[in-house]
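The residues making up each chain are set out below.
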Amino acid sequence: MVFSGDRPQHAVGAYDAARRDLSTAQWQILERYAPRSVWERIFKYRDDVQAARRGVIASRAAPRKEPTTRPAELPIVTTKQLANGQIRMFYRIRHFGGVGVKSTKAAGLSRRTVTITPGDAKTLTAMVTKELAGKGTVAFIPISQQLVITCQAAMKQAVLELLAEVDSPTPQVEITARVFEVQHDMDFQMGVRLLLRYAGTGPDSAGIGAQFSAEDFANQVTDPAVTGNMRDPSAAMRIVDVFGNSGWSTDTTIQAMAQTGLIKLVSSPRMTVTVGNTGYVLAGQELPIQSAIESNNNIIAQRVTYKPVGVQLYVTPQVIGPDSVKLHVVTVASEITGFQRLTAIGGATPPTINPIFDTREAESYVTVSDRSALVIGGLRRVRTITRENKLPLLGDIPYLGWLFKSHRSQTQITDLYFFITPRIIRQ
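Okay, so let's go over this structure. (Residues numbered from 1 in each chain as written. Predicted model: local features only at pLDDT ≥ 70, side-chain atom pairs only at ≥ 80, totals over all residues. Heavy atoms only, no water.)

### Quick look at the packing of aromatic side chains
Aromatic rings considered in pairs are described by the distance between their centres and by the relative angle of their planes.
Okay, so step 1: Enumeration according to the criterion identifies 12 aromatic pairs in this entry.
Okay, so step 2: Taking the centre distance of 5.5 Å and the plane angle of 40° together, the rings of Trp39 and Phe217 count as tilted. In this pair, Trp39 sits in helix α3 (residues 36-59) while Phe217 sits in helix α8 (residues 214-221), placing the two residues 178 residues apart along the sequence.
Okay, so step 3: The interplanar angle of 50° and the centroid separation of 5.7 Å between the aromatic rings of Phe212 and Phe217 together place this pair among those described as tilted.
Okay, so step 4: Aromatic ring contacts, followed pair by pair, group Tyr33, Trp39, Phe43, Phe212, Phe217, Phe243 and Trp248 into a single cluster.
Okay, so step 5: Here the guanidinium or amino end of Lys307 rests over the ring plane of Phe357, the centre of that ring lying 5.1 Å away. (Phe/Tyr/Trp six-rings, centres within 6.5 Å; stacked < 30°, edge-to-face > 60°. Helix = DSSP H or I, 4+ residues; strand = E, 2+ residues; numbered from the N terminus. Lys NZ or Arg CZ within 6 Å of the ring centre and 35° of its normal.)

### Observations concerning a nonpolar patch on the surface
Okay, so step 1: Together, Leu391, Leu394, Ile397, Leu400 and Leu403 give the surface a local cluster of nonpolar side chains, amounting to about 440 Å² of exposed area.
Okay, so step 2: Along the chain, the position of Leu391 falls in the loop between β14 (374-390) and β15 (405-425). (Patch = residues over 30% accessible without salt bridge, like charges linked within 9 Å, V, L, I, M, F, W, Y side chains within 5 Å. Areas by Shrake-Rupley, 256 points an atom, 1.4 Å probe, with all protein chains shown as cover. Salt bridge = Lys/Arg side-chain N within 4 Å of Asp/Glu carboxyl O.)

### Things to note about helix α6 (residues 188-201)
The periodicity of an α-helix, 3.6 residues per turn, causes residues three or four places apart in sequence to face the same way.
Okay, so step 1: The terminal C-alpha atoms of α6, which comprises 14 residues, lie 20 Å apart, in line with the 20 Å expected from a rise of 1.5 Å per residue.
Okay, so step 2: Phe188, Gln189, Gly191, Val192, Leu195, Leu196, Tyr198, Ala199 and Gly200 are the residues of α6 that are buried.
Okay, so step 3: Sitting at the amino-terminal end of α6 is Asp187, which places a side-chain oxygen 3.3 Å from the backbone nitrogen of Gln189. (Expected span 1.5 Å × (residues − 1). Buried < 20%, exposed > 50% of the residue type's maximum accessible area, 1.4 Å probe, protein only. Polar contact = N/O pair within 3.5 Å; in protein donor to acceptor, adjacent residues only side chain to side chain.)

### Digging into the nonpolar core
Side chains that are nonpolar tend, in soluble globular proteins, to be buried together.
Okay, so step 1: Counting 37 residues, the largest nonpolar core has Trp39, Leu196, Phe217 and Phe243 as the members making the most contacts within it.
Okay, so step 2: Among the secondary structure elements, those contributing two or more residues to this core are α2 (27-30), α3, β7 (172-183), α6, α8, α10 (235-245), α11 (250-259) and β15.
Okay, so step 3: Excluding residues within four positions of it along the chain, Trp39 makes contact with Trp27, Leu30, Glu31, Ala34, Leu196, Phe212, Ala214 and Phe217.
Okay, so step 4: Counting 23 residues, the second-largest nonpolar core is a separate cluster that includes Ala177, Val315, Ala362 and Val368. (Core = buried A, V, L, I, M, F, W, Y, C linked by side-chain atoms within 4.5 Å. Contact = heavy atoms within 4.5 Å.)

### A word on the side chain of Thr414
Okay, so step 1: For Thr414, the location among the structural elements is in strand β15.
Okay, so step 2: Contacts of Thr414, omitting those with residues within four sequence positions, involve Glu181, Val182, Gln183, His184, Arg360, Leu379, Arg380 and Arg381.

### Let's talk about the sheet that holds strand β1 (residues 78-81)
Okay, so step 1: The antiparallel open sheet is built from 4 strands, whose spatial order is β1-β2-β6-β5. Two strands lie at the open edges of the sheet, namely β1 and β5 (137-141), each paired on one side alone. This sheet shows a mean twist of 15° between the axes of neighbouring strands, independent of strand direction.
Okay, so step 2: Summarising the sheet, β5 and strand β6 (residues 146-152) pair through 5 bridges and their orientation is antiparallel. Among the inter-strand pairings, Ile141 is bridged to a residue of β6, identified as Gln146.
Okay, so step 3: Seen against the sheet, helix α4 (residues 122-132) touches β5 and β6 and runs at an angle of roughly 5° to β6.
Okay, so step 4: Sheet strands in contact with helix α5 (residues 156-166) are β1, β2 (86-92) and β6, and its direction is about 15° off that of β2. (Pairing = 2+ DSSP bridges. Axes fitted to C-alpha atoms, helices over the stretch in contact; angles between N-to-C directions.)

### Points about the environment of Met89
Okay, so step 1: With respect to the helices, strands and loops of the structure, Met89 is situated in strand β2.
Okay, so step 2: Of the residues examined, Met89 reaches a relative accessible area of 1% and is grouped as buried.
Okay, so step 3: For Met89 and Thr150, which are 61 residues apart along the polypeptide, the C-alpha to C-alpha distance reads 6.4 Å.
Okay, so step 4: Ignoring sequence-local partners within four residues, the contact set of Met89 consists of Val77, Thr78, Thr79, Leu147, Val148, Ile149, Cys151, Lys156, Val159 and Leu160.

### Focus: the packing of α6 against α10
Okay, so step 1: It is the contact of α6 with α10, at a shortest axis distance of 9 Å, that shows an interaxial angle of 45°. In terms of their interaxial angle, α6 and α10 are classed as oblique. The handedness of the crossing between α6 and α10 comes out as right-handed. From α6, Phe188, Gly191, Val192, Leu195 and Leu196 reach across to α10, where they touch Ala235, Arg238, Ile239, Val242 and Phe243.
Okay, so step 2: Class assignment for the residues of the contact of α6 with α10 results in 8 nonpolar, 1 polar and 1 charged. (Parallel < 35°, antiparallel > 145°, perpendicular 65-115°, else oblique. Left-handed = near helix turned anticlockwise from the far one by under 90°. Nonpolar A, V, L, I, M, F, W, Y, C, P; charged D, E, K, R; others polar.)

### Some points on the pattern of salt bridges
Where charged atoms from two side chains of opposite charge approach closely, those side chains can pair.
Okay, so step 1: Per the counting criterion, the structure on display carries 7 salt bridges.
Okay, so step 2: Glu40 is the salt-bridge partner of Arg36, the closest N and O atoms lying 3.4 Å from each other. Residue Arg36 and its partner Glu40 are both found in helix α3; the two are separated by 4 residues, about one turn of the helix.
Okay, so step 3: The class for Glu40 is partly exposed, based on a relative accessible area of 43%.
Okay, so step 4: Arg94 serves as the salt-bridge partner of Asp167, at 3.8 Å between the closest nitrogen and oxygen. Of this pair, Asp167 sits in the loop between α5 and β7 while Arg94 sits in the loop between β2 and β3 (100-104); the two residues are 73 residues apart in sequence, bridging distant segments of the chain.

Below you can see the structure in the form of structure tokens.
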């Protein structure tokens, strides 16, 4: 919105006052979710931030210089003049190829094995050789990752331009993930009320309230699908959507929901991954699993392996445009739900007991915009909790004890959500 005239600051003030009057006219909607005192605090936080921003913008009213386009910088090489009129260039490879690093999980007690392989610059060497067209030589030194190029001095510019284009940084993507659990029967309106009270009176109320637009919120909650009082299995997602359209970021909304107890934040990893490589995160434990090979009641071989238990995330990014990222994502959430008694190995006492795992796993391969969140949901867990109440001693009598005790079963349904946000790192 543009204001013009002799006194534009007065027009800005009138516009802000009109917006406040519009909010006052919407009290009937707003006060259904929070008392007037909370909204007044939110309005004050927002007005203070807007006034501060206007002051900063006014102080930066100096004319802006147009950016100038610079040519690509050529790589720095060490050049020596030879007696036959040729030159020898020593070019250190910066990004292309390089040392190979591979990590694999090893069986038994070893956690992980890291294998390093020497760098391979065959493709780069072949490209430079083709550029020289038989009028020079190229040699690669793996230890120092250097190319030794011998050619005519007139070919130096063309060779360096080729190296500057090919030996460029590999794009990297910062992955931010938020993993949380929420009750299946969470109430939408109750959740909204808790978040608004937190925005108006919580420890971070000034920063959170300043990002919130009451007008946009009022327009969101007038939707009949939002204002219903029915239990909604996607209430958590709709809360994130409503508050996101009202000015809060996804991270801010999820953090506020965790602070108010609406959700249980399981993990919030952040990592930077080079394009074409896989980032891995485990938030949990590794449980030892014992196995053996038995023959004629004698143990021939025995082995202990480790199984990860908790939340696992595998992310492989690919940059396919200036603002698009293709993600291959594998999410795993596992936990121990019981134990199974196995046959005794070699007559051992007690017999071997192995755990039973409840695993929720999802895999996706999609394209998302830079800084947009990919949401993976529907990973549901159903848990039945049985409680027993009984009179001491009398409840333990065989058969007759059923007269002095009672059982109560409760079913809990929780949904697990993964919010994965990629950000392309500009180099």
